[in-house]
Amino acid sequence: MLEKNMLEKNMLGKNMLKKNLSLLVGAASCAILASCLSYLQGGRLASHADGTNYELLQTAEILLTSEAGDKVARQENVSFRSGTWRATRVVIRPDIVKQTIVGIGTSFTESSAFVLAHLDKEQRSAVMEKIYGKSGANFSLARTVIGSTDFSVEGKFSYADVADDKDLQHFSIAVDRDGFDRAKYPGVKDESFDLLPMIKEALAIKRAQADKDLNIVASAWTAPAWMKDIEDWYRPATPETNYQGTGGALKPHYVQTYANYLVRYLDAYRAQGVEIWGLTPVNEPHGNNGSWESMDFTPQSQNVFVKNHLGPALRASDYGKTKLLIYDQNRDGLEHWTDEIFGDPETAPYVYGAAVHWYSSTFKVHEDTFERVHEKFPTFSIINTEATIDALGKDAPAGILDPLRFKESDWFENDEFWWNETATDWAYTASWAPNPEDHPIYTPVHRYARNIIVSLNHWVEGWIDWNIVLDQEGGPNRVGNFCGAPIMIDVQSGNVYYTPVYHVLAQFSRTIRPGDKAVQATKHLVDLADDTLHASATLNSDNLLSVQLLNTSKSPVRYALQIGAQFAEIAIAANSVQTVRVQL
């Protein structure tokens, strides 16, 4: 009888809380909130004015990564109380459900595999577990490359380098699995390790755990050179070309051959036990001014390619469900491409969404572009497929007005570099850049966390970093385009440096999983600059809410986390990324 009375009292409290929150957010959302709130836990009760009780929430977990040295560290949980906070607050509406998340992740490249090949197998396995294992970052989304890129050790290769092989009889992915010869690269410890073995090792880690998700997006930087009008991998900018380089474009009679080439890639990787989840027609179709492997498309030519060639080729093969993502370049140019391709009723059925990069600004997220695209094309996905700290440690080229600050230094095994304004990008103070004001010096951790948080608030479904591992210099990169990476390894000493960016990405990845739903998060800042605090939120199938926050300031910020008619006072440490999880 006592147990029955206690159960009835507990159910009464839960029912009163459902009533309280439903009244607060309005009748239109009552059904959704009732579903969420049926799982409320905690046991603490508060009373309505009429004397009836309802149950108060408590945080389930608070995680922190900070300049002070916290690395996905647990903080003390806090309790909610009834009422509405009027000072700085983050208001979560679990009843306003937005996009479904496909994951947070990073990329496989030949350069990453090459650096890992310099470790003995035991040490390499430990690094791979930190990337893909459940107790590590447990990344659920990845990108890989089709053929060579600037982050290839030698580059200038494809899987079909026999000229005019229109039937692709000589197609082979052997270059992705043939390893690195120790006679040529004396520091290599595992000559058999390469891009494809790296992917297979990641998948083996995933398959050994309950959480097996690892969705892989593949992108080619170029078609084989013989398929293009320049008959080369790229043509650098020179004085003779008025400093206009190019990657060239497909010859008309090889357009279908290139579509078949991409399908053959999917076949070859499937034969090796690797399923490719998503595909882009080419990386950065605007090109890179002939700096390394590339190939140009316009929105119109890519639309024709997808509609008449790649889309039908995928549908006629076993890859009709492969997620085809258009574009694959900077966010600020997205809308023109989606208007052309999503807006074409003949092309749209072949397309899953669009891929974007972040290089158009060191601080802008271009959420206004995402909102416009989503409003026009709400059924299509947006995934960030590349982001990195580029031009790392490079000498300033001509036209940089502040060459001293352009060149970074002292980033290896130095967390302070990653938590402060130390980094610049390709257009920092560049007299030749179209919008140099969009490229100020920046704090690496802030750029990552801000971009992810704001992107998730504005319809982005997945977010992928670039190279997961590079050496201590940010390479190898055969054209000098050195970049930062979450993990950097001194290939001489074997020292493995997990940068603060790694820990931030790990914190996001472990608490934002495939299938989670983004829910509305709104910040209300009092006496704080708008960039001081950022917040987003996701809800999983067990009604566990994960709120991600970034404090860009050098002081702690006290805020209230407001959910319905309850709030909790929480402090976020100076210069930090915090995750607050609440069981609803």
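Please read all numbers here as calculations on a predicted model, not as lab measurements.

(A) How the structure looks around the nonpolar core. Membership of the largest hydrophobic core comes to 127 residues, with the highest contact counts inside it found for Phe 108, Tyr 132, Tyr 258, Tyr 261 and Tyr 269. When residues of this core are assigned to their parent elements, the largest contribution, 10 residues, is made by helix H6 (residues 255-271). Once you skip the residues sitting within four places of it in the chain, Tyr 258 turns out to touch Ala 220, Thr 222, Ala 223, Met 227, Leu 250, Pro 281, Val 282, Met 295 and Phe 305. Residues Ile 62, Tyr 559, Leu 561 and Leu 584 belong to the second largest nonpolar core, which totals 24 residues.

(B) View of the pattern of salt bridges. All told, the structure shown has 26 salt bridges when counted by the stated rule. Asp 415 is the partner of Lys 71 in a salt bridge, and the nearest nitrogen-oxygen pair spans 3.4 Å. Placement of Lys 71 in the loop between strand S3 (59-66) and strand S4 (73-75) and of Asp 415 in helix H11 (residues 415-418) is noted, with a sequence separation of 344 residues between them. On the accessibility criterion, Asp 415 (25% relative accessible area) is partly exposed. With its nearest N and O atoms 2.9 Å apart, the salt bridge here joins Arg 450 to Asp 531. A residue pair is termed long-range when its members are at least 10 positions apart, and Arg 450 in helix H12 (residues 444-457) and Asp 531 in the loop between strand S18 (517-524) and strand S19 (533-539) qualify at 81 residues. Through salt bridges with shared partners, a single ionic network connects Glu 335, Asp 339, Asp 368, Arg 372 and Lys 376.

(C) Quick peek at helix H5 (residues 195-207). The first and last C-alpha atoms of H5 sit 19 Å apart over 13 residues, in line with the 18 Å expected at 1.5 Å per residue. Every buried residue belonging to H5 is among Leu 195, Leu 196, Met 198, Ile 199, Glu 201, Ala 202, Leu 203, Ile 205 and Lys 206, and all of these are buried. Packing partners of the buried residues in H5 comprise helix H3 (110-116), helix H4 (121-132), strand S8 (141-146), strand S9 (215-220) and H6.

(D) Inspection of the packing of helix H7 (residues 299-316) against helix H8 (residues 334-341) at higher detail. Following both chains from N to C, one finds H7 and H8 inclined at 40 degrees, their axes separated by 9 Å at the closest point. It follows that H7 is oblique to H8 by the angle criterion. The two elements H7 and H8 meet at a crossing, and its hand is right-handed. Mapping the contact onto sequence places Pro 299, Gln 300, Gln 302 and Asn 303 in H7 and His 336, Trp 337, Glu 340 and Ile 341 in H8. Among the residues making up the contact of H7 with H8, the classes are represented as three nonpolar, four polar and one charged.

(E) A look at the sheet that holds strand S22 (residues 566-572). Read across the open sheet, the 10 strands follow the order S4-S3-S23-S20-S19-S18-S6-S21-S22-S5; overall the sheet is mixed. Both edges of this open sheet fall to S4 and strand S5 (81-82), since each of them pairs with a single strand only. Pairing of S5 with S22, which is carried by two bridges, proceeds in the antiparallel orientation. By the bridge assignment for S22, Ser 82 is matched with Gln 566. Sheet contacts for H12: strand S6 (89-100), S18, S19, strand S20 (544-551) and strand S23 (576-583); angle to S19, the most-contacted strand, approximately 50 degrees. Each of S3, S19, S20 and S23 touches helix H13 (residues 500-511); the most contacted strand, S23, lies at about 15 degrees to it.

(F) A look at the sheet that holds strand S12 (residues 353-357). Within the closed barrel, the eight strands sit side by side as S7-S8-S9-S10-S11-S12-S13-S14. Their pairing is parallel. For this sheet, the mean angle separating the axes of adjacent strands, direction not counted, is 25 degrees. Relative to strand S14 (residues 460-467), strand S7 (residues 103-107) runs parallel, the two being bridged by four bridges. Considered in S14, the bridge of Gly 105 is made with Ile 464. Here H8 sits on the sheet and contacts strand S11 (323-330), S12 and strand S13 (381-386); the angle it forms with S11, its principal contact strand, is near 150 degrees.

(G) A look at the environment of Val 274. With respect to the helices and strands, the residue Val 274 is situated in the loop between H6 and strand S10 (278-280). Overall, Val 274 belongs to the buried group, its relative accessible area being 1%. For the pair Val 274 and Asp 165, spaced 109 residues apart in sequence, the C-alpha separation works out to 25 Å. Discounting residues that sit within four places of it in the chain, Val 274 has contacts with Leu 196, Ile 199, Lys 200, Leu 203, Ile 216 and Tyr 269.

(H) Structural context of the environment of Gln 169. With respect to the helices and strands, the residue Gln 169 is situated in the loop between S8 and H5. The sequence separation of Gln 169 and Thr 379 amounts to 210 residues, and the corresponding C-alpha distance is 39 Å.

(I) Molecular detail of the confidence of the model for the protein chain. Taken over all residues, the pLDDT of the protein chain has a mean of 92, while the share at 70 or more is 91%. Contacts from residues 1-42, a stretch scored under 50 in pLDDT, to residues over four places away or in other chains number 62 contacts.

Rules and cut-offs
- Residues numbered from 1 in each chain as written.
- Predicted model: local features only at pLDDT ≥ 70, side-chain atom pairs only at ≥ 80, totals over all residues.
- Heavy atoms only, no water.
- Core = buried A, V, L, I, M, F, W, Y, C linked by side-chain atoms within 4.5 Å.
- Buried < 20%, exposed > 50% of the residue type's maximum accessible area, 1.4 Å probe, protein only.
- Helix = DSSP H or I, 4+ residues; strand = E, 2+ residues; numbered from the N terminus.
- Contact = heavy atoms within 4.5 Å.
- Salt bridge = Lys/Arg side-chain N within 4 Å of Asp/Glu carboxyl O.
- Expected span 1.5 Å × (residues − 1).
- Axes fitted to C-alpha atoms, helices over the stretch in contact; angles between N-to-C directions.
- Parallel < 35°, antiparallel > 145°, perpendicular 65-115°, else oblique.
- Left-handed = near helix turned anticlockwise from the far one by under 90°.
- Nonpolar A, V, L, I, M, F, W, Y, C, P; charged D, E, K, R; others polar.
- Pairing = 2+ DSSP bridges.
- pLDDT = per-residue confidence, 0-100.

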